[in-house]
Amino acid sequence: MELYFSRSTSPLSRLIQYFTKGKWSHNAIKVGDYHIIDSRFPGGVRIRHFDLKDYEILEVEGNPRKALKHIEKRYDLRLFFWYGIKYGKPWNDPNQMICSELIAEASNDENLRGKTPSEQYRYLKNREKVIQDTKR
């Protein structure tokens, strides 16, 4: 499964990068030659025409079809704000979803749950490094 980790120069993207102390503010799953599935504010989970500008692709085990069952879920603003402060237990609505939750749902890696896009990226890059070091 191909994951796209992206960012933009929009104020929201920069705010996410600032609060999550990371390089990436968004992630999506490739579902066709010209389409991705992701969750964005305000539209929520949708299949969209590929429109990312500044991105990096990582390959992970998973099934993009698992993400399809979440189409039409609204964007989880409460969880989005919780990631900014990380106080108490997550303010998560199971009927709504942010982009990194969608990635965790479609992947075969439980360690991607509860992480921001940048945290998922760092985890996957570190895991990739460990795998490469092991092969040497």
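Our subject is the structure that appears above.
Residues numbered from 1 in each chain as written. Predicted model: local features only at pLDDT ≥ 70, side-chain atom pairs only at ≥ 80, totals over all residues. Heavy atoms only, no water.

Trainee: Is there a simple way to explain the overall build of the protein in this structure?
Mentor: In terms of helices and strands, the protein carries five helices and seven strands. Starting at the N terminus and walking to the C terminus, you meet the elements of the protein as β-α-β-β-β-β-α-β-α-β-α-α. Its C-alpha atoms give the protein a radius of gyration of 14 Å, within 12% of the compact-globule value 14 Å for 136 residues. When its C-alpha atoms are laid out on the principal axes, the protein stretches across 45 × 35 × 30 Å. Here the protein holds 136 residues, and the buried ones make up 39% of them. Taking contacts inside the protein between residues at least 6 apart in sequence as the whole, the part at least 24 apart equals 55%. In the form shown here, the protein has an accessible surface area of approximately 8200 Å², with 54% of it arising from carbon and sulfur atoms. Between the averaged position of the 25 positive side-chain charges in the protein and that of its 18 negative side-chain charges there is a distance of 3 Å. (Helix = DSSP H or I, 4+ residues; strand = E, 2+ residues; numbered from the N terminus. Rg over C-alpha atoms; globule rule 2.2 N^0.38 Å. Buried < 20%, exposed > 50% of the residue type's maximum accessible area, 1.4 Å probe, protein only. Contact = heavy atoms within 4.5 Å. Areas by Shrake-Rupley, 256 points an atom, 1.4 Å probe, with all protein chains shown as cover. Lys, Arg positive; Asp, Glu negative; His and termini not counted. Charge placed at Lys NZ, Arg CZ, Asp CG, Glu CD.)

Trainee: Would you mind going over the nonpolar core with me for this structure?
Mentor: The nonpolar side chains of soluble globular proteins are, as a tendency, buried together. Ranked by size, the top nonpolar core spans 18 residues in total, and within it L3, F5, I29, L102 and L124 carry the most contacts. Of all the secondary-structure elements, those providing two or more residues to this core are β1 (2-7), α4 (99-106) and α5 (117-135). Among the elements that make up this core, the one with the highest residue count is α4 (four residues). Excluding its chain neighbours within four sequence positions, the residues that come into contact with L102 are I29, I37, D38, S39, V45, A67, H70 and M97. Among the nonpolar cores identified, the runner-up in size contains seven residues, and I16, Y75, L79 and W82 belong to it. (Core = buried A, V, L, I, M, F, W, Y, C linked by side-chain atoms within 4.5 Å.)

Trainee: Explanation requested: the sheet that holds strand β5 (residues 54-59) in the structure shown.
Mentor: Sheet strands line up and pair through hydrogen bonds in the backbone, either parallel or antiparallel. If you trace the five strands from one edge of the open sheet to the other, you get β4-β3-β2-β1-β5, paired in antiparallel fashion. Across the chains shown, the open sheet's two edge strands, defined by having one partner strand only, are β4 (44-49) and β5. For this sheet, the mean inter-axis angle between neighbouring strands, taken without regard to orientation, is 30°. Bridge analysis of β1 against β5 gives six bridges, and the strand direction is antiparallel. Bridging from a neighbouring strand, F5 pairs with E56 of β5. In the packing of α4 onto the sheet, contacts are made with β1, β2 (26-32), β3 (35-40) and β4, and the angle to β2 comes to roughly 50°. (Pairing = 2+ DSSP bridges. Axes fitted to C-alpha atoms, helices over the stretch in contact; angles between N-to-C directions.)

Trainee: Hey, could you run me through the packing of aromatic side chains in this one?
Mentor: How two aromatic rings sit relative to each other is given by the distance of their centres and the angle of their planes. Tallied over the entire structure, the rule returns 10 aromatic pairs. When the ring of Y4 is compared with that of Y55, the centres are 5.4 Å apart and the planes differ by 70°; the resulting orientation is edge-to-face. With Y4 in strand β1 and Y55 in strand β5, this pair connects stretches of sequence that are 51 residues apart. A relative accessible area of 7% places Y4 in the buried class. Judged by its relative accessible area of 35%, Y55 is partly exposed. Through pairs of rings, three or more aromatic residues link up here, namely F41, Y75, F80 and F81. Across from the ring centre of W24, 4.8 Å away, lies the NZ or CZ of R7, which sits over that ring. One cation-aromatic arrangement involves K115 over Y123; the distance from NZ or CZ to the ring centre is 5.7 Å. (Phe/Tyr/Trp six-rings, centres within 6.5 Å; stacked < 30°, edge-to-face > 60°. Lys NZ or Arg CZ within 6 Å of the ring centre and 35° of its normal.)

Trainee: Where do I start with the layout of surface pockets in this structure?
Mentor: Vacant regions in the atomic arrangement are exposed by a probe of water-molecule size rolled over the atoms. When its volume is computed, the largest pocket comes out at roughly 620 Å³. Around the largest pocket, the lining comprises 31 residues; the ones closest to its centre are L12, S13, I16, S25 and H26. Counting only elements with at least two residues in the lining of the largest pocket, the list comes to β1, α1 (11-20), β3, α3 (77-85) and α4. Residue classes in the lining of the largest pocket are distributed as 15 nonpolar, 11 polar and five charged. Counting only elements with at least two residues in the lining of the second largest pocket, the list comes to α3, β7 (96-97) and α4. Within the lining of the second largest pocket, the residues separate by chemical class into eight nonpolar, five polar and six charged. (1 Å grid on protein atoms, 1.4 Å probe; cavity = no way out; pocket = protein on both sides within 12 Å on 5 of 7 lines; lining within 4 Å. Points joined across faces, edges and corners; volume = space filled by probe spheres on them. Nonpolar A, V, L, I, M, F, W, Y, C, P; charged D, E, K, R; others polar.)

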